[in-house]
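Analysis of the macromolecular model
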Amino acid sequence: MSLPSVLLLAPLPDFLLTPLRQVALCHDYFHAVDKDHLLAEMGAEIRGIVMAGGSVAPVTLLDQLPALEIISVFGVGYDGVPVEHCRSRGVRVTNTPDVLTDDVADIAVALVLMTSRRLAEAERFVRAEAWSRGAFPLAHALRGKTAGILGLGRIGAAIAHRLAAHGLSIAYHGRQPQAVEHRYCATLVELASVADFLIVACPGGAKTHHLVNAEVLAALGSRGTLINIARGSVVDQTALITALEQGIIRGAGLDVFENEPQVPAALLTSEKTVLLPHVGSGTHETRQAMADLCVGNVAAHLAGQPLLTPVC
Ligand code: 8YV
């Protein structure tokens, strides 16, 4: 009996593909030169999609896959999946929550430290042999500052826990207050106005698109720093560039961007930014755990067993 067919919508690591190939025949849509030809040949056979957190599965593509049963996302964010459409079609959706929480929270803390203590700049200073010409300028302490977390989910809560240990007060904004001690702000503008670090940790997608806009950045103010480890789509990148250029905010630490892997020149050349290439979950240990979950969900579905981490 031949294996069921799955479509790959993203470049995926070998440690995911090798076990996936044990349970499914993989068709590489992402790298296919003639995507239409691949769909015309295989579309009717495809029972599963495997994609990454940042990739997109448009309805127009899903419409060409009549036998589709499951979408397994190699990532916690499934903003690239039209979930309501999948639900109405009975297509299951899965992701990889929990296993990446600590790593992503660590990167948020790293960005807070890198921006406040000017660590990237300080490192460049040593490499440029500038130290012998004078001391590096003073930076800002974390102690006594406030972190405003947008989205106190699993990752937001892990960031809060870590930053509390660094001596920061925690405030947050989300759809509703939670049973936690931290200060709840009913609006994002209120959160930004109390925050020294506004940390984006909410899901991407239409509901959060450009939530962090010019008004929010103005409320964050000239002593405030924006940190984003969630999705580039949550921040209006053009408004962010203006806010940095005009000194409306102090700085930004970004692991995610609106149009990855493109990063606007204005962010690349700014002295006020710390930029990372979407490495939140990028460790051997975590990516392996994500791959295990991602493939485990496909295998469970194909074996008629309950999904490990169902979205719907
Ligand atoms: C990954 C992510 O970089 O989990 C997510 O939603 O964006 C990241 O952890 C990505 O999914 C792996 O390709």
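Since we're looking at a predicted model, the values are computed, not measured. (Residues numbered from 1 in each chain as written. Predicted model: local features only at pLDDT ≥ 70, side-chain atom pairs only at ≥ 80, totals over all residues. Heavy atoms only, no water.)

Brief notes about the domain arrangement of the protein
Domain assignment breaks the protein into domain 1 (5-98 + 285-302) and domain 2 (101-275). With 8 residues of domain 1 at the interface, the matching set in domain 2 holds 7 residues. With both sides pooled, the region where domain 1 packs onto domain 2 buries about 550 Å², and carbon together with sulfur makes up 39% of that total. For the domain 1 face of the interface with domain 2, the top three residues by lost area are Asp79, Asp98 and Thr286, together amounting to 71%. On inspection of domain 1 and its partner domain 2, the count reaches 2 salt bridges. Where Asp79 meets Arg231, a salt bridge forms, and the shortest distance between an N and an O atom there is 3.0 Å. (Domains from an automatic or database assignment. Contact = heavy atoms within 4.5 Å. Buried area = accessible area lost by both parts, 1.4 Å probe. Salt bridge = Lys/Arg side-chain N within 4 Å of Asp/Glu carboxyl O.)

Brief notes about the sheet that holds strand S8 (residues 183-184)
Across the sheet, which stays open at both edges, the 7 strands sit in the order S8-S7-S6-S9-S10-S11-S12 with parallel pairing between neighbours. Every other strand in the sheet has two partners, leaving S8 and strand S12 (273-275) as the edge strands with one partner each. Inspection of the sheet shows strand S6 (residues 146-150) paired to strand S7 (residues 169-173) by 5 bridges, in the parallel sense. Each residue of the ladder has a partner; that of Ala147, found in S7, is Ile170. Seen against the sheet, helix H10 (residues 237-245) touches strand S10 (225-228), strand S11 (251-254) and S12 and runs at an angle of roughly 140° to S11. (Pairing = 2+ DSSP bridges. Helix = DSSP H or I, 4+ residues; strand = E, 2+ residues; numbered from the N terminus. Axes fitted to C-alpha atoms, helices over the stretch in contact; angles between N-to-C directions.)

Some thoughts on unusual backbone geometry
Omega for the bond connecting Glu260 with Pro261 falls within 30 degrees of zero, at 5°, which places this linkage in the cis form. Mapped onto the fold, Pro261 is located in the loop between S11 and helix H11 (265-268). Positive phi outside glycine occurs at Asp98, with the angle close to 70°. Within the secondary structure, Asp98 is located in the loop between strand S5 (92-94) and helix H5 (101-116). Owing to a relative accessible area of 49%, Asp98 belongs among the partly exposed residues under this scheme. Phi is positive for His210, close to 55°, though the residue is something other than glycine. On the secondary structure map, His210 appears in the loop between strand S9 (197-200) and helix H9 (214-220). (Buried < 20%, exposed > 50% of the residue type's maximum accessible area, 1.4 Å probe, protein only.)

Some details on the site of the ligand
The ligand sits among Ala52, Gly53, Phe74, Gly75, Val76, Gly77, Leu100, Arg231, His278, Ser281, Arg287 and Met290. Arg231 has a polar side-chain atom sitting 2.8 Å from an oxygen atom of the ligand. Contacts to the ligand include His278, whose side-chain N or O atom sits 2.9 Å from an oxygen atom. Starting from 330 Å² of accessible surface for the ligand in isolation, the protein chains cover 86%. Across the shell around the ligand, the residue classes tally to 5 nonpolar, 5 polar and 2 charged. (Near = heavy atom within 4 Å. Polar contact = N/O pair within 3.5 Å; in protein donor to acceptor, adjacent residues only side chain to side chain. Areas by Shrake-Rupley, 256 points an atom, 1.4 Å probe, with all protein chains shown as cover. Nonpolar A, V, L, I, M, F, W, Y, C, P; charged D, E, K, R; others polar.)

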